[in-house]
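# Structural overview for review
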Amino acid sequence: MKAFLKSGMVLLVVSFLCWNCKKENKAKQTPANKTDDVALTSHVNPFIGTAPLTDPEITGYTPPENWRVWAGLVYPGASLPNAMVQLSPITEYGSGAGYEYEDTEILGFTHTNKGHWNLCNIPVLPVSGNAEYPFRSTFSHEEEKASPAYYEVLLKDYNIGVRLSTTLRCGIHEYTYKNPASGQKLLFDLGRANHRVSDWDIRLVGKSRLEGFQQMGREKIYFSATVNREIDNIEKKNGGEHEGYALIELKNKEQPVVLKIGLSFVSVENAAENLEKEIGHKTLDEVHAEGKAAWEKLLSAIKVSGGTEKQKELFYTSLYRAFLWPALRSDVNGEFTDEAGQRRKEDFRYYTIPSLWDTYRNKLVLLGLLSPDVTGDVIQSLVNRGKIRGFIPTFFHGDHAASFITSSYLRGIRGFDVENAYALLCNNAYKEGGTRPFISEYIKKGYISDPEVDNPDVESKGKAGVSKTLEYAYDDYALAQLAKAMKDSVRYEDLMKRSKNYANVFDPSVNFMRGKLENGKWIAPFNPEYPYYEYMYREANARQVSFYVPHDMPGLVELYGGRKEFESKLDTLFTMPWNPAHIARNVSGFIGQYSHGNQPDHEAPFAYYFVDKPYKSQQVIDTILENYYGIGEKGLALAGMDDAGEMSSWYVFAAMGLYPLSPADPEYLVTVPLFDTVELTFDGHKPVSLQKKGTGRKLKEIRVNTAPVRSYFVPHEVLMRGGELKIVTEE
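Residue numbers restart at each chain and count upward from 1, following the sequence in its written direction. In keeping with the predicted nature of the model, local features appear solely for residues at pLDDT of at least 70, side-chain atom pairs appear and are counted solely at 80 or more, and the whole-chain, interface and lining totals rest on all residues. Note: side-chain values were computed over all heavy atoms of the structure, leaving out hydrogens and water.

Okay, the pairing of strand E30 (residues 688–693) next. The cut-offs for exposure are 20% and 50% of the maximum accessible area for each residue type, with area from a 1.4 Å probe on protein chains only; residues under the lower value are buried, those over the upper are exposed, and the others partly exposed. Secondary structure counts use DSSP, requiring at least four H or I residues in a row for a helix and at least two E residues in a row for a strand, with both numbered from the N terminus. Of all six residues making up E30, five are buried, and the element is well covered by its neighbours. Only strands joined by at least two bridges in the DSSP assignment are considered to pair. Strand direction decides the pairing type here: strand E29 (residues 677–680) and E30, joined by four bridges, are antiparallel. Its bridge partner lying in E30, Thr677 is registered against Gln691. Pairing geometry for E30 and strand E34 (residues 723–730), over six bridges, is parallel.

What follows is the structure in structure tokens.
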């Protein structure tokens, strides 16, 4: 974070003269501590994050009847990294990822997923010949298995064993009917998905191929599927309508039934080509082996030694989760459907919009480290959308494509049109009617106001003016760094000036970020503990957002009146109990007022570094790593929504001992890792070894090779040029 480095508080002095020095001999590890003795995929548990969060000590309140706190919202099914297809069981539509561990019935196996109440498309369920509507089957977790690129379960009511695996754009199902004489059918439940289905169709081509589509609003998903036997009949119920379905009757012959299905967002023909090129005549075991190898290659970029088996399970499960989204949308022939609904072909792979409000903080940095080619294509996909819209799109809130694109460019990723990306991001930052709502007010006043509301509650409508002001200020800082790289000094100076706008919503009389009315007066009455969804704050309260200035933490410290006052206020964030009467479903996972179950305050645990007390940050970080992941009765709950990998990525970085506090800046805040050694091997770069020296949890010294680092930050070059990073602790 450049503002921090310029503050005089610390000065980064790192010598790069001995990057190629020979590494010191490592201490011998016992076989139990050597992660590479076993496949890294064996540490991944896809069920972590599927269980409910029920402990009031974590949730902060007793949930109302029939509420499920938004914990995890992940799926256990098969997928490859950043793939088009996610083939997973669904137990309830409209429930985030569609799978809830406490449920007892499976409704089908869907082919797309994210964990945000959308997708869950093309549901398929094998049923017996005498099955009746509503189609569903009970199942037991004792007869259920999941691992990267694989899922297995027994449908008890139909007595059918199910095995699933995937490629980038295809799924393969294997169904073993334990009572084949009862008849064998396939349910294509095409009237259902997490979004309302507006149209669908399915037809038989030849004797054993099925083709069709499912449409939700503007989005249309095509499929082409083959079955390893002849099809006797297709029975359609309420064809094309919401909650309509089709039953496929199979000839009762060889076992097992193998269904191979290709998807496309362009055409049925492309779906068939995807299927032929990616699966063809392969068996499920062959597809699974290839998928497992793909995950093994990705996970092996980071190898850890030391730590407990539980910590390794959480680490590699979190790393796995971080690479499931954004999702591929172009076909094997390169075609995709663009933002205007036009079929086109470009020289990059087309991806969905990332969950920018959540994942710009950490996950998209991780994506760039391990998958720079995918990252370049994701950004070029944003640019492609931007050329059609006139603005780079965002996700949900803020303008964090600015941080993502700047972060990637300054970390050396060049696989995108940076000139057009920059021009479109400037449109975002300066033009009304695009990505940044109320940008004219922000430019004119330096803040975004909220309306006066009598007796506001959690659901009160507003502009989320405080959150927008803080986030736009950070986005301005991020874009300023790209402006500097593009040698646009005029925009750089203006955006850097605007990056100080966070101070305009800081009320020194209460030492909180506080909402303002249009006339500039502070909103009253004011309760800093009360959470709002979009009034003043976005899914947060004043305490949670009042430490969000990742680009200028020294300036924030001064706003509070200095180190002592800042530390005291920060202490209260983690010690003041949450009021159980304050209920917002996705604001949970509390340490005092701090909510690890949602993203807006995820930078706060690191804030003690800026009063030169990293050990207090480490205490909070260690508490989170130990008690907020893999929790609950079965160890399968998370303290909040994973949000397409953001919460998982927080764990990965914090457990490694490196965190991108200001992701637009190519540097990492150093904390004490969980593991004795973390080996980083990125494609095209020399390996980096992070060595924890000492048994304590208090940071004492940071060294790059033999050079001391007189800062809490190390630059990105450390990870690119190779060498050894020693993190020395007090005993």
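What follows continues from the structure just given.
The criterion for an aromatic pair is that two Phe, Tyr or Trp rings (for Trp, the six-membered ring) have centres within 6.5 Å, with stacked assigned to planes under 30 degrees apart, edge-to-face to planes over 60 apart and tilted to the rest. According to the stated counting rule, one finds 38 aromatic pairs in the structure shown. Geometrically, the ring pair formed by Trp295 and Tyr320 is tilted, given 4.6 Å between the ring centres and 55° between the ring planes. Separated by 25 residues along the polypeptide, Trp295 in helix H4 (residues 284–299) and Tyr320 in helix H5 (residues 309–321) bring together distant segments of the chain. As far as the burial class goes, Trp295 and Tyr320 line up, both buried. Centroid distance Tyr560 to Phe566: 5.3 Å. Interplanar angle 80°. Geometry classified as edge-to-face.

Put simply, a salt bridge is a Lys or Arg side-chain nitrogen that is within 4 Å of an Asp or Glu carboxyl oxygen. Throughout the structure, instances matching the rule amount to 35 salt bridges. A salt bridge links Asp338 to Arg344; the nearest nitrogen and oxygen atoms lie 2.9 Å apart. The exposure class assigned to Asp338 is buried, which follows from its relative accessible area of 7%. Note that Arg697 and Asp622 form a salt bridge whose closest N and O atoms lie 2.8 Å from each other. Within this pair, whereas Arg697 is found in the loop between E30 and strand E31 (698–704), its partner Asp622 is found in helix H17 (residues 614–627), the two being separated by 75 residues in sequence. With relative accessibility at 26%, the residue Arg697 sits in the partly exposed group. According to the relative accessible area criterion, Asp622 is buried, its value standing at 18%. When salt bridges that share partners are traced, they join Asp399, Arg436, Asp476 and Arg498 into one network.

If you walk across this open sheet you meet the six strands as E18-E29-E30-E34-E31-E32, and the pairing is mixed. The open sheet terminates on both sides in strands that have one partner only, identified here as strand E18 (302–305) and strand E32 (707–708).

Grouped together as the largest cluster of nonpolar side chains are 215 residues, with contacts concentrated most on Phe188, Ile302 and Phe315. For this core, the element with the most residues is helix H12 (residues 465–485), which contributes 11 residues. The contact criterion used throughout is that any non-hydrogen atoms of two residues lie within 4.5 Å. With residues near it in sequence (within four places) discarded, Phe188 still touches Pro123, Val124, Ile202, Leu210, Phe223, Tyr245, Ala246, Ile248, Leu259 and Ile261. Side-chain atoms within 4.5 Å are what join buried Ala, Val, Leu, Ile, Met, Phe, Trp, Tyr and Cys residues into a set we call a nonpolar core. Judged by nonpolar contacts, the second largest core, of eight residues, contains Cys170, Ile172, Val258 and Leu284.

A few words now on the environment of Tyr535. Among the secondary structure elements, Tyr535 is positioned in the loop between strand E22 (512–513) and helix H14 (542–545). Once residues lying within four places of it in the same chain are set aside, the contact partners of Tyr535 are Asp450, Pro451, Glu452, Val453, Pro456, Ser460, Lys461, Gly462, Ala464 and Ile523. A polar contact of 2.9 Å, which involves the side chain of Tyr535, links it to the backbone oxygen of Pro451. Here a polar contact means two N or O atoms within 3.5 Å. Within protein one must be a hydrogen donor candidate and the other an acceptor candidate, and residues neighboring in sequence count only if both atoms are side-chain atoms.

Extensive coverage of strand E11 (residues 184–188) is indicated by the burial of five of its five residues. The side-chain alternation of E11 yields two buried faces, one formed by Gln184, Leu186 and Phe188 and the other by Lys185 and Leu187. Looking at chain direction, strand E5 (residues 124–128) and E11 are connected through five bridges and run antiparallel. Each bridged residue has a counterpart across the sheet, and for Ser128 the counterpart in E11 is Gln184.

What follows concerns H5. Expected helix span is computed as 1.5 Å times (number of residues minus one). Over its 13 residues, H5 extends 18 Å from the first C-alpha to the last, a length consistent with the 18 Å expected when each residue adds 1.5 Å. For H5, every residue scored as buried is listed here: Gln311, Lys312, Leu314, Phe315, Tyr316, Thr317, Ser318, Leu319, Tyr320 and Arg321. Buried-residue contacts for H5 involve H4, E18, helix H7 (363–370), H17, strand E25 (629–631) and helix H18 (646–656).

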